[in-house]
Amino acid sequence: MGLITKAFVTVILVGLIVFGFWALSWQGIQTKVTHLKTEIAGKKQEYNKLTQESQNIAKWQKDVGEWNKVLQELHQVKPIKNFIPSFLISIEKLAKYERITTGDPTFRIKSITPGQVVIQGAATGKTKTQTPGLVSGKSSVSITFTGRFNTVVNFLQQLGNFKLNKLVTIQSISLTPQSAKPGSHPTLSVTMPFEMYMLGG
């Protein structure tokens, strides 16, 4: 066998060995690597989903804590004579909170007209309440205030979140835009009658 023939046979054998390695080992390794990459991508998606769910659970637990606090305050029996005074204090605190958190110096309570407190659930004649001494108060109130649109919306949300420690039901709302300086946010004048309820004794 000549030298050229031996070299040719050697090249063929080497080629067969390389091909066999690729076919039997390398291709299998590549397939496994592709499979692992797909599995890793799926695990990453699952991890991101679990992370998002854990964040939602943390937020939900915080919201539950806030609502439990609100419910405790709503069910705390207070002297019914403090119904209007406590409301005036709460509304002023809320207005100050809105000015600070929204950065809106135009948000101001212009007037508050509280109505007469109607006592509900008190014993009259031979009728007795289920819980002796426990009554609820109700009053119609009308307020006028000014503020930017976003601030007004946020204020209404705070009322819905029981920031006054009273149940509030808005009867109607009237918005009147005031003249705005060029380049500044327009200010709204708002008139809003509503009813509020309080548990007392």
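Residues numbered from 1 in each chain as written. Predicted model: local features only at pLDDT ≥ 70, side-chain atom pairs only at ≥ 80, totals over all residues. Heavy atoms only, no water.

Colleague: Is there a simple way to think about the overall build of the chain in this case?
Modeller: Summing up its helical and strand segments, the chain has 3 helices and 6 strands in all. Secondary structure elements of the chain, listed N to C terminal, follow the sequence α-α-β-β-β-α-β-β-β. Going through the 201 residues of the chain one by one, you find that 20% of them count as buried. Counting only contacts in the chain whose residues sit at least 6 apart along the sequence, the fraction spanning at least 24 positions is 75%. (Helix = DSSP H or I, 4+ residues; strand = E, 2+ residues; numbered from the N terminus. Buried < 20%, exposed > 50% of the residue type's maximum accessible area, 1.4 Å probe, protein only. Contact = heavy atoms within 4.5 Å.)

Colleague: Honestly, the nonpolar core in this entry has me stumped. Any pointers?
Modeller: Side chains of nonpolar character tend, in soluble globular proteins, to be buried together. Membership of the largest hydrophobic core comes to 22 residues, with the highest contact counts inside it found for Phe145, Phe155, Phe194 and Met196. Elements that contribute at least two residues to this core include exactly helix 2 (83–102), strand 3 (135–148), helix 3 (149–160) and strand 6 (187–200). The residues contacting Phe145, other than those within four sequence positions of it, are Phe107, Arg108, Ile109, Lys110, Val152, Phe155, Leu188, Ser189, Val190 and Met192. (Core = buried A, V, L, I, M, F, W, Y, C linked by side-chain atoms within 4.5 Å.)

Colleague: Would you mind showing me how to read the packing of aromatic side chains here?
Modeller: In the structure shown here, the tally under the stated rule is 4 aromatic pairs. Put simply, the rings of Phe107, Phe145 and Phe155 pair up and form one aromatic cluster. (Phe/Tyr/Trp six-rings, centres within 6.5 Å; stacked < 30°, edge-to-face > 60°.)

Colleague: When you look at the side chain of Gln158 in this model, what are you seeing that I'm missing?
Modeller: Along the chain, Gln158 turns up in helix 3. With near-sequence residues (within four places) excluded, Gln158 lies in contact with Leu94, Tyr97, Glu98 and Lys163.

Colleague: Looking at this structure, how should I read unusual backbone geometry?
Modeller: Phi is mostly negative for residues that are not glycine, and the peptide bonds are mostly trans. Phi at Phe162 is positive, roughly 60 degrees, even though this residue is not glycine. Along the chain, the position of Phe162 falls in the loop between helix 3 and strand 4 (167–170).

Colleague: What is the right way to read helix 2 from this model?
Modeller: Structurally, the α-helix is built with 3.6 residues per turn, so residues lying three or four positions apart point the same way. With 20 residues, helix 2 should cover 28 Å at 1.5 Å per step; its first-to-last C-alpha distance of 28 Å lies within 8% of that length. All of the buried residues in helix 2 are Phe83, Ile84, Phe87, Ser90, Ile91, Leu94, Ala95, Glu98 and Arg99. (Expected span 1.5 Å × (residues − 1).)

Colleague: Can you help me understand the packing of helix 2 against helix 3 in this one?
Modeller: Packed helix pairs are characterised by how far apart their axes lie and by the angle those axes make with each other. Interaxial distance between helix 2 and helix 3 falls to 11 Å at its minimum, and their mutual angle equals 135 degrees. One finds that helix 2 runs oblique with respect to helix 3. Note that helix 2 runs across helix 3; the crossing there is right-handed. Judged by residue contacts, Ile91, Leu94, Tyr97, Glu98 and Thr102 of helix 2 engage Thr151, Asn154, Phe155, Gln158 and Leu159 from helix 3. Here the residues of the contact of helix 2 with helix 3 are counted per class, giving 5 nonpolar, 4 polar and 1 charged. (Axes fitted to C-alpha atoms, helices over the stretch in contact; angles between N-to-C directions. Parallel < 35°, antiparallel > 145°, perpendicular 65-115°, else oblique. Left-handed = near helix turned anticlockwise from the far one by under 90°. Nonpolar A, V, L, I, M, F, W, Y, C, P; charged D, E, K, R; others polar.)

Colleague: Looking at this structure, how should I read the confidence of the model for the chain?
Modeller: In low-pLDDT segments, the atomic positions of the prediction should not be examined closely. The share of residues in the chain with pLDDT of 70 or more is 65%, and the mean pLDDT across the chain is 75. Residue range residues 122–134 is modelled with pLDDT below 50. Its contacts to residues more than four positions away, or to other chains, number 12 contacts. (pLDDT = per-residue confidence, 0-100.)

Colleague: Sorry if this is basic, but what is going on with the environment of Ile119 here?
Modeller: With respect to the secondary-structure elements, Ile119 resides in strand 2 (residues 118–120). Measuring from C-alpha to C-alpha, the distance between Ile119 and Ser139 comes to 8.9 Å, with 20 residues separating the pair along the chain.

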